[in-house]
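Commentary on secondary and tertiary structure
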Amino acid sequence: MKKVRIGVMGAFRGESMIKYSAEADNAEIVAICDKMEGRAKGICDKYKDKNIASYESFDEFIKHDMDAVVLANYANEHAPFAIKCMRAGKHVFSEVLPVQTMKEAVELIEAVEETGMIYAYGENYCYMPAPYEMRRLYRNGTLGEFEYGEGEYIHNCEPIWDKITYGERDHWRNNMYANFYCTHSIGPLIHITGLRPVKVTGYESPFIERKVRNGAKSGLFGIEMIELENGGIVKSIHGDLYKDSIWYTVYGSKGRAESAREDAENGDISTIYVNIDEESGAYDTKKLECYKPETVSRAGGYGHGGSDFYSMYHFTEKILGNPEADIIGVYEALDMFLPGMFAYRSVLKGGIPVEIPNLRDKAEREKWRNDTTCTDKSVAGDMLIPVYSKGTPDIPDEVYEKVRNKWLGK
Ligand SMILES: NC(=O)c1ccc[n+]([C@@H]2O[C@H](COP(=O)([O-])OP(=O)(O)OC[C@H]3O[C@@H](n4cnc5c(N)ncnc54)[C@H](O)[C@@H]3O)[C@@H](O)[C@H]2O)c1
């Protein structure tokens, strides 16, 4: 079988895609790049039999002979690298998030359109067993018309904050606004329905002591109330509430499908509850089913309920020309992210609903081509916005020193 030659940039989260590329029938890992001294080399050493090249500089890495690049670098820096990769003739798999500004969103779309390279957004949660089964039930008409859905991604990262931010004041995780990391909760609802989000109202929870002691500068969690193009509503919540939860529910005109709550201890996103009538209005046919969709067993050993396997599987199959390959392309990626970006604009405007731009429309792009609004000082220019709506908190240096020392084991 022909194998796609893959290079991975970012060798922390990237280890999952390296594992896929090293083990899968349809892929081969040929290069790893990470600017942190020894990180890429350390992983190459683990796969001694694979002859993988290691790099610390992206400019050297991109010259390597390979078909595709996986971007698992900083969450706010994917778009510029994705554009460089596609312009250098490489297909791209981008980790979350796709862009940090509207300017980048326009440039990313245009790079995909102009180069014809494959761009796949790595929103792995879409491929988790329960939401992927919801997609099947929605797309084959079983659920009826979409009316309402909820997505939750609650991950209290405090216990691992040192390992994922290294005590860096400007690490993207310390510098992201409450609505930024939104695609694990929104993405599956978009991939299930295929409907475009048109309007959003954002909520930001207060900045509290738990955030201060980690060095993160935003509200604790964000909420997006999103109107889809058919009038259906999605509620998305994500952030660092104390107890974790990954959960999805979809209400259609014939019933409901939802995943198990974590506290039910019934397989959470690997289990689906389906409560659907044969026809809308046939209230006498109610039957509740609870099962584990088949996909679980095919991806054993891969993280996030096996979804880490499927996101890479579909990307590599797409490159190989498999018509069944189900990737998340650039427009859909932005349908998953723009609700979070514009939810924060809603928060900054006092909580009013705001329209979500449709960048499929070339004329609409012109309004946004120079919009660098974001919380990243190196990109925003005079469009810098605060990380917390009431003003970016000033966190003392000692906090970062403490987190860094914990990471270094001091
Ligand atoms: N989909 C998921 O389930 C999931 C889970 C965890 C992380 N992520 C995503 O993975 C990405 C990476 O997150 P992480 O947890 O590994 O932490 P991280 O963002 O701190 O790590 C990024 C890695 O990329 C390297 N890097 C950054 N810029 C580089 C450059 N210019 N050249 C070379 N190397 C560079 C860093 O040294 C680091 O090792 C983020 O986008 C994050 O959102 C996704």
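Values in this document were obtained by computation on a predicted structure and should not be read as measured data.

Within the protein chain, the secondary structure is distributed over 16 helices and 15 strands. Its C-alpha atoms give the protein chain a radius of gyration of 21 Å, within 12% of the compact-globule value 22 Å for 410 residues. Structurally, the protein chain occupies a C-alpha span of about 65 × 55 × 50 Å along its principal axes.

Another aspect to go through is the sheet that holds strand β3 (residues 53-55). Reading across from one edge, β3-β2-β1-β4-β5-β6 is the order of the six strands in this open sheet, with parallel pairing throughout. Each edge of the open sheet carries a strand with a single partner, namely β3 and β6 (119-121). Direction aside, neighbouring strands of the sheet carry axes that sit 25 degrees apart on average. By the bridge criterion, three bridges tie strand β5 (residues 91-94) to β6 in an arrangement that is parallel. Paired with Val92 across the bridge in β6 is Tyr119. In the packing of helix α4 (residues 78-87) onto the sheet, contacts are made with β1 (4-9), β4 (68-71), β5 and β6, and the angle to β5 comes to roughly 165 degrees.

Okay, the pairing of strand β8 (residues 197-204) next. Pairing between β8 and strand β9 (residues 221-228): seven bridges, direction antiparallel. Residue Val200 lies in a different strand from β9, and its bridge partner there is Ile226. Relative to strand β15 (residues 354-355), β8 is paired through two bridges, and the arrangement is antiparallel. Pairing of Lys199 across the sheet is with Glu355, part of β15.

Domain assignment breaks the protein chain into domain 1 (4-124) and domain 2 (125-303 + 327-383). Tallying the contact residues gives 22 residues for domain 1 and 29 residues for domain 2. For the side of domain 1 that touches domain 2, the secondary-structure elements that each account for two or more residues are α5 (102-115) and β6. With seven residues, the single largest contributor to the side of domain 1 that touches domain 2 is α5. Broken down by class, the residue content of the side of domain 1 that touches domain 2 amounts to 15 nonpolar, five polar and two charged.

Attention shifts here to the site of the ligand. Residues in contact with the ligand amount to 21 residues; listed here are only the nearest, Gly10, Phe12, Arg13, Lys35 and Ala75. Looking at the shell around the ligand residue by residue, the class counts come to eleven nonpolar, five polar and five charged.

In this section: the packing of helix α9 (residues 183-193) against helix α13 (residues 330-348). Their axes nearest at 9 Å, the elements α9 and α13 cross at an angle of 135 degrees. With respect to each other, α9 and α13 are oriented oblique. Along this stretch, α9 crosses α13, giving a crossing that reads as right-handed. Contacts between α9 and α13 pair Thr183, Ile186, Gly187 and Ile190 from the former with Glu332, Asp335, Met336, Phe337, Pro339 and Gly340 from the latter. Its residues placed into classes, the contact of α9 with α13 shows five nonpolar, three polar and two charged.

Rules of the game
- Residues numbered from 1 in each chain as written.
- Predicted model: local features only at pLDDT ≥ 70, side-chain atom pairs only at ≥ 80, totals over all residues.
- Helix = DSSP H or I, 4+ residues; strand = E, 2+ residues; numbered from the N terminus.
- Rg over C-alpha atoms; globule rule 2.2 N^0.38 Å.
- Pairing = 2+ DSSP bridges.
- Axes fitted to C-alpha atoms, helices over the stretch in contact; angles between N-to-C directions.
- Contact = placed C-beta atoms within 7 Å.
- Domains from an automatic or database assignment.
- Nonpolar A, V, L, I, M, F, W, Y, C, P; charged D, E, K, R; others polar.
- Near = placed C-beta within 6 Å.
- Parallel < 35°, antiparallel > 145°, perpendicular 65-115°, else oblique.
- Left-handed = near helix turned anticlockwise from the far one by under 90°.

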